[in-house]
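Given next are the chains, with one letter for each unit.
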Amino acid sequence: MKSLGGYLNLVPPSGLRDCVAASSTKAGEPSWVTVKDSEGHSVVVDPNPWNTWEGSGSSSAKLCSDGLNVVVSYSEATAARPPETVLGYPEVIYGYKPWGSLSTSTSPLLQLPAKVGQLPQAIAYVDYLVEFSNGRGNLAFDLWLTRGPGQRSVGPRELEVMIWLYRSPGFNPMGYQSPNLTLGLPTVVNGRPGVVNWGVYIADPMGPGRWTYVAFAMEPPLASGSVLVPLTLMLRSLRELLSWGSEVMDLYLNGLELGMEYTSLTWPPTKVSVLARYRLNSYGVLVLPQD
């Protein structure tokens, strides 16, 4: 993939005149909306309470010209799949999502799906606020890497890569108490460039017949501010992190998903209350020029 470089704006979309809202109360209720940018690409806004069942309340999102506001408010809520601790992941999607086969139009700056080895140097910019008044969770990217583009599921020797910008105290990737290792990566936080430590959590694989899970967690977590995240650099670091890492360059990055995983303060999440929110003031991708 060749690129002249530039900035791909995702939130708020350019040319958006009226606010767009989406809301869902429980798993199995599709309520996502597609929002087109005046420059020709689009994003999907999905409340995505994929594991929330019963109770009252909702996961809602409102996208306006000044940013995205997401509010999760539930009482007496129960997990649809009790072993799972996460109740939902209200998100913004750019590109393709294997689960549900959601797809958006993409920009020539960053056309997805694309092989990791053919990606330009892409750096995500996120200016945000996240708050858990009653509950816990994270604000994180969720990236799916598969053998082919447009798959409807993910399996062995394929990847889920999460990039956690914030996490509540005691809420760790895959339930681990400490990372497998720590990587120092060039990262700009609140306008200050430097080397930031990212804890790396690995489950290879997650279980029999399942995909591999890798999470990068920023240290310390940032609840409010701006971060420039080296997306391509992180994905290519997987070559050294995994025993089969040489295969990563031929996997397809399907899309970019950014959202908030949420759950209750108690486990298991049965008849619980959750109140959480996040705001994206600005979100986009800086694509550096290629030869």
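Let me sum up the structure you'll find in this document.

Calculation notes
Here the residue numbering is sequential within each chain, running from 1 through the sequence in written order. For a predicted model such as this one, the threshold for reporting local features is a pLDDT of at least 70, and the threshold for listing and counting side-chain atom pairs is 80 or more; totals across whole chains, interfaces and linings nevertheless cover every residue. Hydrogens and waters are ignored; side-chain quantities use all the structure's heavy atoms. Labels follow the DSSP assignment, with helices taken as runs of H or I lasting at least four residues and strands as runs of E lasting at least two, numbered in each case from the N terminus. Based on C-alpha atoms, the radius of gyration is set beside the globule rule, defined as 2.2 Å times the residue count to the power 0.38. Using a 1.4 Å probe on the protein chains alone, a residue whose accessible area is under 20% of its type maximum counts as buried, one over 50% counts as exposed, and one in between counts as partly exposed. Pairs of cysteine sulfur atoms within 2.5 Å are what we label disulfides. Here, nonpolar core means buried Ala, Val, Leu, Ile, Met, Phe, Trp, Tyr and Cys residues that are tied together by side-chain atoms lying within 4.5 Å of each other. For this analysis, residues touch if any pair of their heavy atoms sits within 4.5 Å. Patch membership needs two things, relative accessible area over 30% and no salt bridge, and members are linked within 9 Å if like-charged or within 5 Å if nonpolar (Val, Leu, Ile, Met, Phe, Trp, Tyr). Surface exposure here means Shrake-Rupley accessible area, sampled with a 1.4 Å probe, where a residue is shielded only by the protein chains that are shown. Think of a salt bridge as a Lys or Arg side-chain nitrogen and an Asp or Glu carboxyl oxygen that are within 4 Å of each other. In this analysis, rings of Phe, Tyr and Trp, with Trp reduced to its six-membered ring, are considered paired at centre separations within 6.5 Å, and the interplanar angle assigns stacked below 30 degrees, edge-to-face beyond 60, and tilted for intermediate values. Only when the NZ atom of a Lys or the CZ atom of an Arg is both within 6 Å of the ring centre and within 35 degrees of the ring normal do we say a charge sits over the ring.

A short note on the overall build of the chain
Move 1: Of the regular secondary structure elements, the chain holds one helix and 21 strands.
Move 2: A compact globule built from 291 residues would reach a C-alpha radius of gyration of about 19 Å, and the chain, at 18 Å, matches this within 12%.
Move 3: For the chain, the C-alpha atoms occupy an extent of roughly 55 × 45 × 40 Å along the three principal directions.
Move 4: Burial status across the chain gives 54% buried among its 291 residues.

Topic: the state of the cysteines
Move 1: Overall, the coordinates contain one disulfide when judged by the stated rule.
Move 2: With its sulfur 2.0 Å from that of its partner, Cys-19 forms a disulfide with Cys-64. Here the disulfide of Cys-19 and Cys-64 is right-handed, its torsion about the S-S bond being about 120 degrees. Taken as a pair, Cys-19 in the loop between β1 (6-11) and β2 (20-24) and Cys-64 in strand β6 (residues 56-64) lie far apart in primary sequence, 45 residues in all.
Move 3: Given the relative accessible area of 43%, Cys-19 is considered partly exposed.

Details of the nonpolar core
Move 1: In this structure, Leu-145 and Leu-238 are the most contacted members of the largest nonpolar core, which totals 74 residues.
Move 2: Ranked by the residues each element gives to this core, the list is headed by strand β21 (residues 272-287), at eight residues.
Move 3: Residues contacting Leu-145, with those up to four places away along its chain left out, are Val-116, Glu-158, Leu-159, Val-161, Leu-235, Leu-238, Val-248, Leu-251, Tyr-252, Leu-253 and Asn-254.

Considering unusual backbone geometry
A negative phi angle is the norm for most residues apart from glycine, just as the trans form is the norm for most peptide bonds.
Move 1: The linkage connecting Val-11 with the following residue, Pro-12, adopts the cis geometry, with an omega of -5 degrees.
Move 2: Take Pro-12: it is sitting in the loop between β1 and β2.
Move 3: Cis geometry marks the peptide bond from Trp-267 to Pro-268; its omega dihedral reads 0 degrees.
Move 4: Even without a glycine there, the phi angle at Ser-101 is positive, about 55 degrees.
Move 5: Relative to the elements of secondary structure, Ser-101 occurs in the loop between β8 (91-97) and β9 (102-103).

Observations regarding helix α1 (residues 231-241)
Move 1: Within α1, eight of the 11 residues are buried, leaving the element largely enclosed by the surrounding structure.
Move 2: Inspection of α1 places Leu-231, Thr-232, Met-234, Leu-235, Arg-236, Ser-237, Leu-238 and Leu-241 among the buried residues, and these make up the whole buried set.

Examining a nonpolar patch on the surface
Move 1: Together, Tyr-7, Leu-286 and Leu-288 give the surface a local cluster of nonpolar side chains, amounting to about 220 Å² of exposed area.
Move 2: As for its placement among the helices and strands, Leu-288 is situated in the segment after β21.
Move 3: With a relative accessible area of 32%, Leu-288 lands in the partly exposed category.

A short note on the packing of aromatic side chains
Move 1: Under the defined criterion, the tally for this structure stands at eight aromatic pairs.
Move 2: Where Tyr-74 meets Tyr-262, the ring centres are 6.3 Å apart and the plane angle is 20 degrees; that geometry is what we call stacked. With Tyr-74 in strand β7 (residues 67-79) and Tyr-262 in strand β20 (residues 262-263), this residue pair connects regions lying 188 residues apart in the sequence. Like Tyr-262, Tyr-74 is buried.
Move 3: Site record: aromatic cluster; members linked through ring pairs are Trp-99, Trp-144 and Trp-211.
Move 4: The cationic tip of Lys-26 hangs over the ring face of Trp-53; the distance from NZ or CZ to the ring centre is 4.4 Å.
Move 5: Just above the ring of Trp-211 sits the side chain of Arg-210; from NZ or CZ to the centre is 4.8 Å.

Comments concerning the pattern of salt bridges
Move 1: For the structure shown, the criterion picks out seven salt bridges.
Move 2: Across the salt bridge formed by Glu-91 and Lys-97, the nearest N and O atoms sit 2.5 Å from each other. Across the pair, Lys-97 and Glu-91 agree in class, each one buried.
Move 3: The closest approach of N and O atoms between Arg-147 and Glu-247, which form a salt bridge, is 2.6 Å. On the criterion of sequence distance, the pair formed by Arg-147 in the loop between β12 (136-146) and β13 (159-167) and Glu-247 in the loop between α1 and β18 (252-253) is long-range, its members being 100 residues apart.
Move 4: Note on Arg-147: relative accessible area 38%, which makes it partly exposed.
Move 5: Judged by relative accessible area, which is 24%, Glu-247 ranks as partly exposed.
Move 6: Salt bridges sharing partners connect three or more residues here, namely Glu-91, Lys-97 and Glu-257.

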